[in-house]
Amino acid sequence: MKTDTIAAVATALSNAGIGIIRISGSEAFSVIDRIFFGKKGKPLSLAESHTVHYGWIKENGTIIDEVMVLVLRAPHTYTKEDTIEIDCHGGVLVVKKILDVVLKNGARLAEPGEFTKLAFLSGRIDLTQAEAVMDLIQSENEFARKASVAQLKGSISQKVRNLRKQIIYEIAFIESALDDPEHISLDGYSIRLYQMTEDWIRELEHWLDSSKNGKILKEGMKTVILGKPNVGKSSLLNLLAGEECAIVTEIAGTTRDALTEQIQLGEISLNLIDTAGIRDTSDRVEQIGVEKAKQYAKEADFILYVADSSIPFDQNDEEILTLIQGKPAIVLLNKTDLQPVLEKEELEKRINKRVISFSAKQGIGTEELQKEIEQLFLQNSSPQDCSVILTNIRQKEALSQALESMKLVKQSIEDGMTEDFYTIDLMNSYEQLGFLIGESLEDDLVNEVFSKFCMGK
């Protein structure tokens, strides 16, 4: 862990109203005293913590900018080190000039994510909370923001620590009993441990399952629009996107290749894919488009099946029904502004999916669609209740390994193995959960995690 004083621009490098330069480390006050000149002439090294001071940043007697400086004393800071934040005017040239002056007077340029890395290494936050900082910065929808805030507050950490506490207690009990069998009995212990491992396995599996859904909701659901030609799929894409993304004509089969568009619908991001209309065709190019549509349907997180209320249900619709079986899907009975031939009740009898009367042309049914999607995906995935929502492959891999080790404990009990075998896999599970929250990590992995952070965070 480097102990020198670091500095970086904490705001975006673009012309703005305000720019912030952050300084952290044991020499933070020495640095600021060399370059800040307040109205009262008092050095900031004598100022109280969590106070704001007005003055000027100067270099060799020349004023660089008029600033406000925030004084924060250790350990009550983001990094748990002495910290200075300079609020200056947000012009790129001004911000860079002040940073340059700071670096000339005793600080070095911070590495990406180094401020948050210091917060982690000092024990103020764990690794899942540190990763939540970047997730919060990069969140693109309301669900992602709420999930990141929940994780930043320690929603994962608390659950993992509670589980690790239970596991290490059982490890200690087994080892104590093996060392002192005269005073600590293991009679019937396997039965009790078996029940506990079943409970732990269920909990770990629940975390993994909720994380899969949470990851989709944070990154956006791969949403495929299916239907026969000319039923209004492209019109739906244009309506939800709020712009003319796809060509809409009276000619069936206009869409040959998939069109993609990311949209925000309430709290959920949808990665929409408009596909070729599904039908039997002798056109080779259109056939390729139809096959690609079917493949997209197999890979989809969610399907919007568009049916045309103005034409009868036919064999092509039957084929589409087979594609959406077992998939989260909503049926949009489109063109309800025209004389209906296919009734909503008839369609509901054919398929066990929610059917919404819709008109892409007039925008009818959009609000109901949003409510249905939110109910379908958010009902059991509230970030506030957490459900543990993992944010990256590293976290998921650690949790998966912890689950596998716990299953091995259960298997050892079923196979009648002696108690000393249990502790090996219990300890592996305990350590993997430690990797998850960063209590047992090698330096290289820590550096890799924080290298993905932006400068100044």
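Note: the structure precedes this text.
Residues numbered from 1 in each chain as written. Predicted model: local features only at pLDDT ≥ 70, side-chain atom pairs only at ≥ 80, totals over all residues. Heavy atoms only, no water.

### Regarding the overall build of the protein chain
Turning to step 1, where the next piece is worked out: The secondary structure content of the protein chain amounts to 15 helices and 13 strands.
Turning to step 2, where the next piece is worked out: Expressed as a percentage of its 457 residues, the buried residues of the protein chain come to 47%.
Turning to step 3, where the next piece is worked out: Taking as baseline every contact in the protein chain between residues at least 6 positions apart, the subset at least 24 positions apart corresponds to 68%.
Turning to step 4, where the next piece is worked out: Here the protein chain displays about 22,300 Å² of accessible surface, and carbon together with sulfur accounts for 50% of that area. (Helix = DSSP H or I, 4+ residues; strand = E, 2+ residues; numbered from the N terminus. Buried < 20%, exposed > 50% of the residue type's maximum accessible area, 1.4 Å probe, protein only. Contact = heavy atoms within 4.5 Å. Areas by Shrake-Rupley, 256 points an atom, 1.4 Å probe, with all protein chains shown as cover.)

### Re the environment of Asp274
Turning to step 1, where the next piece is worked out: Within the fold, Asp274 resides in strand S10 (residues 268-274).
Turning to step 2, where the next piece is worked out: For Asp274, a relative accessible area of 0% gives the class buried.
Turning to step 3, where the next piece is worked out: For the pair formed by Asp274 and Thr223, sequence separation is 51 residues and the distance between their alpha carbons is 8.8 Å.
Turning to step 4, where the next piece is worked out: A distance of 2.7 Å separates polar atoms of two side chains, one belonging to Asp274 and the other to Ser234. (Polar contact = N/O pair within 3.5 Å; in protein donor to acceptor, adjacent residues only side chain to side chain.)

### A look at helix H10 (residues 315-324)
Turning to step 1, where the next piece is worked out: Residues of H10 that are buried: Asn316, Asp317, Ile320, Leu321, Leu323 and Ile324. When H10 is viewed along its axis, its buried side chains cluster within an angular range of 155° and face the same direction. Residues of H10 that are exposed and point more than 90 degrees away from the buried face comprise Gln315 and Thr322.
Turning to step 2, where the next piece is worked out: On its buried face, H10 sits against strand S8 (221-226), helix H9 (284-299), strand S11 (302-308), strand S12 (329-334) and helix H11 (344-350).
Turning to step 3, where the next piece is worked out: At the N-terminal boundary of H10, the capping side chain belongs to Asp314, with an oxygen 3.0 Å from the backbone nitrogen of Asn316.
Turning to step 4, where the next piece is worked out: Looking one or two places after H10, you find Gly326, whose phi comes out positive at around 80°. (Arc of directions from axis to C-beta.)

### With respect to the sheet that holds S10
Turning to step 1, where the next piece is worked out: Strand order across the open sheet formed by 6 strands is S9-S10-S8-S11-S12-S13, with mixed pairing between neighbours. On the outer flanks of this sheet lie strand S9 (259-265) and strand S13 (354-357), each paired with one strand and no other. Adjacent strand axes in the sheet meet at a mean angle of 25°, parallel and antiparallel pairs treated alike.
Turning to step 2, where the next piece is worked out: With respect to the sheet, helix H8 (residues 233-241) is in contact with S8, S9, S10, S11 and S12, its orientation differing from that of S9 by roughly 45°. (Pairing = 2+ DSSP bridges. Axes fitted to C-alpha atoms, helices over the stretch in contact; angles between N-to-C directions.)

### Overview of the nonpolar core
Turning to step 1, where the next piece is worked out: Among the nonpolar cores identified, the biggest contains 30 residues, and Ile167, Leu193, Trp200, Leu204, Leu426, Leu433 and Leu436 are the most heavily contacted of them.
Turning to step 2, where the next piece is worked out: Mapped by element, the contributors of at least two residues to this core are helix H6 (155-179), helix H7 (189-219), helix H13 (393-414) and helix H14 (419-437).
Turning to step 3, where the next piece is worked out: Considering every element that reaches this core, the biggest residue donor is H7, with 8 residues.
Turning to step 4, where the next piece is worked out: Leaving out residues up to four positions away in the same chain, Leu204 has contacts with Leu163, Leu399, Ala402, Leu403, Met406 and Leu433.
Turning to step 5, where the next piece is worked out: Core analysis: the next-biggest nonpolar cluster, separate from the first, contains 25 residues, Ile21, Ala28, Ile57 and Val102 among them. (Core = buried A, V, L, I, M, F, W, Y, C linked by side-chain atoms within 4.5 Å.)

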